[in-house]
Amino acid sequence: MKKRKDLILISIFFVFLIIIYLLLKPRPENLKKEKIAPFDPPRRIVSLGPAITKGLYLLGVGDKLIADTVYCNKPPEAQSKQKIGTVTKVDVEKIVRLKPDLVLATSLSDAEQIEKLKNLGIRVIRFPKINSFRELCESFFELGRTVGKKELAKEIICQAEEEISLIKQKVMTMPKPKVLIQLGAKPLWVVTKDSFINDLIEIAGGINIGPSDQKGLYSREEALKQNPDVIIIATMGIVGKEEKKIWQKYQTINAIRNNRIYIFNSDKLCSPTPVSFVGTLKELTKILHPQIKLKEGKDE
């Protein structure tokens with residue numbers, strides 16, 4: 001008899017627990033109203049890199065950008081945004097006063113400043129250094145996912161891949177000129193084989209004669225030895241013109257003998273999105289293979 005009573009009491013206790021659970025369980029309509037902040041698309045974005053800024057506009061969320069760096073000048077709308085510093089150093093206090101819900105940093109962003117922003121409760125996403133077109137696409141897709149434009153990012157990447165595939169077909173049977181792309185002077189600095197710019201050279205149907213490691217330090221003597229067919233100076237203004245004059249002294253180099261030395265916009269080479277990568281690729285392909293006809297590329 002006692003055991004029976006115990007069983008009845010235990011049953012009543014479990015029924016009581018179930019009733020309490022059902023009463024406290026959130027209702028479906030309440031769940032719909034609940035906001036989950038980490039997954040909400042950001043409304044106030046600070047960009048710490050030109051490529052990120054261009055990517056935001058490409059994804060149609062340029063109106064969410066409240067500040068960027070002094071080097072973020074494309075598209076033209078980005079120039080009117082508040083400036084919070086350079087790619088490597090920013091005004092942390094100014095960023096905090098702007099009350100962003102997201103800061104997008106690059107591999108060049110100062111690590112201590114990024115940590116300080118995080119400690120102040122600001123959400124920061126730092127994108128890694130890009131070493132290939134594949135990594136560029138992965139980074140762009142992550143940007144799209146972060147700002148709630150995942151599907152659009154996927155479409156843009158697929159379109160870029162299709163255009164690249166067509167260019168590969170056109171240059172497949174062409175001779176491959178040896179290419180040297182200069183990124184800096186004093187000391188001479190060139191594109192290495194582990195850079196995403198190397199992908200541009202190879203897809204355009206050329207051979208990068210730069211070094212294999214991450215150090216792009218080079219010498220004129222090494223250039224003479226490698227004898228590039230094409231030299232591209234990735235810079236603007238008087239510096240590029242002066243560098244071109246220096247190269248023209250080396251008349252034994254094929255690029256100089258055949259007048260195949262060019263000054264190229266450094267922003268196009270160094271701050272790409274999938275769209276501008278294709279645009280730059282088309283320009284390089286025309287330089288390396290003038291006989292190939294391609295549609296003009298886009299530039300954000």
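The shown structure was predicted, so the numbers you read here are calculated from the model rather than taken from an experiment.

About the cut-offs
- Residues numbered from 1 in each chain as written.
- Predicted model: local features only at pLDDT ≥ 70, side-chain atom pairs only at ≥ 80, totals over all residues.
- Heavy atoms only, no water.
- Salt bridge = Lys/Arg side-chain N within 4 Å of Asp/Glu carboxyl O.
- Helix = DSSP H or I, 4+ residues; strand = E, 2+ residues; numbered from the N terminus.
- Buried < 20%, exposed > 50% of the residue type's maximum accessible area, 1.4 Å probe, protein only.
- Phe/Tyr/Trp six-rings, centres within 6.5 Å; stacked < 30°, edge-to-face > 60°.
- Lys NZ or Arg CZ within 6 Å of the ring centre and 35° of its normal.

(A) Main features of the pattern of salt bridges. Using the criterion set out here, one finds 12 salt bridges in the structure. For E142, the salt bridge goes to R145, with nearest N and O atoms at 2.7 Å. Of this pair, E142 and R145 are both found in helix α6 (residues 133-146), three residues apart, which corresponds to roughly one turn of the helix. Across the pair R220 and E243 runs a salt bridge, and its minimum N-O distance is 3.0 Å. Here R220 is found in helix α9 (residues 220-226), whereas its partner E243 is found in helix α10 (residues 237-247), with 23 residues between them in sequence. Neither R220 nor E243 differs from the other in exposure class; each is buried. Residues joined in a network through salt bridges with shared partners are K54, K74 and D267.

(B) Geometry of unusual backbone geometry. In this model, K74 is joined to P75 through a cis peptide bond whose omega is -5°. On the secondary structure map, P75 appears in the loop between β2 (65-68) and β3 (82-83). Cis geometry is adopted by the peptide bond preceding P187, which originates at K186 and carries an omega value of 5°. Locating P187 in the fold gives a position in the loop between β6 (178-184) and β7 (189-190). In this model, N227 sits at a positive phi of 50°, which is unusual for a non-glycine residue.

(C) Spotlight on the packing of aromatic side chains. Under the defined criterion, the tally for this structure stands at two aromatic pairs. For the ring pair F133 and F277, a centre distance of 4.7 Å and an interplane angle of 35° mean the geometry is tilted. Placement of the pair is F133 in helix α6 and F277 in helix α13 (residues 274-288), with a sequence separation of 144 residues. Lying across the ring of W247, R220 places its NZ or CZ 4.5 Å from the centre.

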